[in-house]
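Residue strings, one per chain:
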Amino acid sequence: MEFLGTTQTASYCGPKKACGISARPPVAPAPVIQECYQPYYLPGYRYLNSWRPSLFYKVSNTQTCPDEGVTCRSALRPPTILPAVRSALFCRYSPHDWDQSNQLQIRAAEASRLWAGRLMGDSMRLMQDKDQLTRQMQEGTRRNLGQRLSDIGFWKSELSYELERLLNENHSLDAVKRRLECMAEELNCPLQVALECQYQREKRIGIDLVHDNVEKNLIQEVDLLKCCQEQMRKLAQRIDIQMRDNRDAQHALERDLEDKNSAEFIDGKCLNLRNTSDCISFFHGVEQIDGTISVPETWAKFSNDNIRHSQNMRANSVRLREEAQNLFDVLLDQMWKQFTNTNMAFNARIAEVTDVKNKLQTQLAKTLQEIFQTENTIMLLERSIMAKECPLKVAQTRLECRTRRPSVELCRDMPQFKLVNEVVTIDDTLQTLKLRLRETQDTLQLLVMTKCRLEHELAVKANTLCIDKEKCMGMRKTFPSTACLGTCP
């Protein structure tokens, strides 16, 4: 490298001038070649190199002749050039370099445009493909959500239908249970009547205090009523246990149905989400969280198991209800037969006592029978009067409501005539029935007075007949019939 103020010798400046000596100087080492331009690569174009000239600036260390003086060095060194002029010598290129540089620039520009065009086309196709893929995936997700909502709706309908049937079965079973409990409580009244009959028959006098068929039937009736109460209470306890199982199945169905409603609401909300919705946002990493606890098979199996469990509970409830109904029929039939046999025994005993009486005794029995029938007639008349009150209320209420019709609608039409006629007719019927009731009550009082006169005449046999017919049979009239026990609330 030369000092400042001297120039480097270029290869194209001309042939070297020999020194004025005969012997050649030793060969200088190979000059160190340095590239003055660093290549730059465009992205995607590895084959394109930046332009560089074919001539390189070579920096060489020239050696002076060993035996030459100042004259020889002055003859070989070019004249000193100022620093401002040095750059002009460094920037000298050949026309070939200039042409090659322009061609390279043109080819590089064309390659860049071709690469940009291909990149733009690929980018457009890539965007179109990705947009289409995104739309297809979004539509597929929407279809899957719709199918999921359809599945949830199907299981919801199945669960609702089974829950409704289970609730109806629970209601029916609860009615049967209350019916059993009510019947067991209602049997206390006939039991008390039978025990009271036994107690009253202990008051018979003299030879009439015998162990007859009435006594035997009363003992059997007491035992039968106690046995019926025990069976009904045991069956009611079994029904109570079954009702607890039914409630467990009901709660499972209700929880499952509530979960289905929540899932349907959430999936419906997800189905209605669009790209323009306001409530959408980014939730980074949510796709990596899997909080699911079931698969479609186990999900459907869970609801199916709940439904099957409920069906099994309903089947058990139906069997219990059938068993209860059979128990009702059997026990009611047995109680009714025993009640009839006891009554027949009472009637037979009364007939035997009546046969040994004279005409006064016969008249007393007929009077008592007539009193019994008259009381029944009074009861029927009172029921008939009470039954006419509701239709009268309905007719009068209809008339009162029709008086509030507006304006010209307040018409005296055919329904108005019919309602007025209905009110008048029911009112006349009530007056007739009440008049007949007073006559029947007067007749009953007359029969009672006649009985009192006959009992005064028959002091000895009156005690036995009073016990068997009036006290015992009078109490036994209150024994509930099959229809009453069967419809006990």
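Conventions adopted
- Residues numbered from 1 in each chain as written.
- Predicted model: local features only at pLDDT ≥ 70, side-chain atom pairs only at ≥ 80, totals over all residues.
- Heavy atoms only, no water.
- UniProt positions renumbered as here; feature names shortened; annotations may be inferred.
- Helix = DSSP H or I, 4+ residues; strand = E, 2+ residues; numbered from the N terminus.
- Buried < 20%, exposed > 50% of the residue type's maximum accessible area, 1.4 Å probe, protein only.
- Areas by Shrake-Rupley, 256 points an atom, 1.4 Å probe, with all protein chains shown as cover.
- Axes fitted to C-alpha atoms, helices over the stretch in contact; angles between N-to-C directions.
- Parallel < 35°, antiparallel > 145°, perpendicular 65-115°, else oblique.
- Contact = heavy atoms within 4.5 Å.
- Salt bridge = Lys/Arg side-chain N within 4 Å of Asp/Glu carboxyl O.
- Core = buried A, V, L, I, M, F, W, Y, C linked by side-chain atoms within 4.5 Å.
- Phe/Tyr/Trp six-rings, centres within 6.5 Å; stacked < 30°, edge-to-face > 60°.
- Left-handed = near helix turned anticlockwise from the far one by under 90°.
- Nonpolar A, V, L, I, M, F, W, Y, C, P; charged D, E, K, R; others polar.

Per an unreviewed UniProt entry, the chain carries the name Tektin and comes from Balaenoptera acutorostrata. According to UniProt, the comment filed for the chain under the heading Sequence similarities (unreviewed entry) is "Belongs to the tektin family." Recorded under Subunit (unreviewed entry), the UniProt text for the chain is reproduced unchanged: "Microtubule inner protein component of sperm flagellar doublet microtubules. Interacts with TEKT3."

Engineer: Please clarify how the overall build of the chain should be interpreted in this entry.
Structural biologist: Looking only at helices and strands, the chain features ten helices and two strands. Its helices and strands in sequence order give the chain the pattern β-β-α-α-α-α-α-α-α-α-α-α, from N to C terminus. Put simply, the chain has 489 residues, and 29% of those count as buried. When the accessible surface of the chain is totalled, it reaches about 33600 Å², and 57% of it is carbon and sulfur.

Engineer: How should the packing of helix α3 (residues 95–186) against helix α4 (residues 188–201) be read in this particular structure?
Structural biologist: Any two packed helices are characterised by how steeply their axes cross, that is the angle between the axes, and by the distance between the axes. For the pair α3 and α4, interaxial distance at closest approach is 4 Å and the crossing angle is 15°. Taken together, the axes of α3 and α4 lie roughly parallel to each other. Contact residues: α3 offers Ala-184, Glu-185 and Glu-186, while α4 offers Asn-188, Cys-189 and Pro-190.

Engineer: I'm lost on the pattern of salt bridges in this one. Help?
Structural biologist: Opposite charge on two side chains allows them to pair when their charged atoms are near. Applying the stated rule across the entire model yields 21 salt bridges. Between Arg-321 and Glu-169 there is a salt bridge, with its nearest N and O atoms 2.7 Å apart. Of the two residues, Arg-321 is situated in helix α6 (residues 296–355) and Glu-169 in helix α3; the sequence distance between them amounts to 152 residues. The partner of Asp-333 in a salt bridge is Lys-337, and the shortest N-O contact between them spans 3.3 Å. On the criterion of helical spacing, the pair formed by Asp-333 and Lys-337 is a turn pair, its members being four residues apart in helix α6. When its relative accessible area of 37% is taken as the criterion, Asp-333 is described as partly exposed. Taking relative accessible area as the criterion, Lys-337 reaches 49% and is therefore assigned partly exposed. The structure contains a network of salt bridges with shared partners spanning Arg-201, Arg-204, Asp-212, Glu-215, Arg-349, Glu-352 and Asp-468.

Engineer: Quick question: what am I supposed to make of the nonpolar core here?
Structural biologist: Note on soluble globular proteins: their nonpolar side chains tend to be buried together. Membership of the largest hydrophobic core comes to 55 residues, with the highest contact counts inside it found for Leu-180, Met-232, Leu-235, Ile-239, Met-335 and Phe-346. Going through the elements one at a time, α3, α4, α5 (213–272), α6, α7 (359–402), α8 (414–457) and α9 (459–476) are the ones with two or more residues in this core. Core analysis: the next-biggest nonpolar cluster, separate from the first, contains twelve residues, Leu-163, Leu-166, Ala-249 and Leu-253 among them.

Engineer: Would you mind showing me how to read the packing of aromatic side chains here?
Structural biologist: Each pair of aromatic rings is reported with the distance of its centres and the angle of its planes. For the structure shown, the criterion picks out two aromatic pairs. Ring geometry for Phe-154 and Trp-155: centres 5.3 Å apart, planes at 70°, overall edge-to-face. With relative accessibility at 43%, the residue Phe-154 sits in the partly exposed group. When its relative accessible area of 14% is taken as the criterion, Trp-155 is described as buried. Taking the centre distance of 5.6 Å and the plane angle of 35° together, the rings of Trp-336 and Phe-339 count as tilted. A residue pair is termed a helical-turn pair when its members lie 3 or 4 positions apart in one helix, as Trp-336 and Phe-339 do in helix α6 at three residues. Take Trp-336: its relative accessible area is 38%, and that puts it in the partly exposed class.

Engineer: Please clarify how the packing of α3 against α5 should be interpreted in this entry.
Structural biologist: At their nearest, the axes of α3 and α5 sit 8 Å apart, and the two run at 160° to each other. As far as their axial angle goes, α5 and α3 are roughly antiparallel. Judged by the twist between their axes, the crossing of α3 over α5 is left-handed. Counted by class, the contact of α3 with α5 contains 24 nonpolar, nine polar and 15 charged residues.

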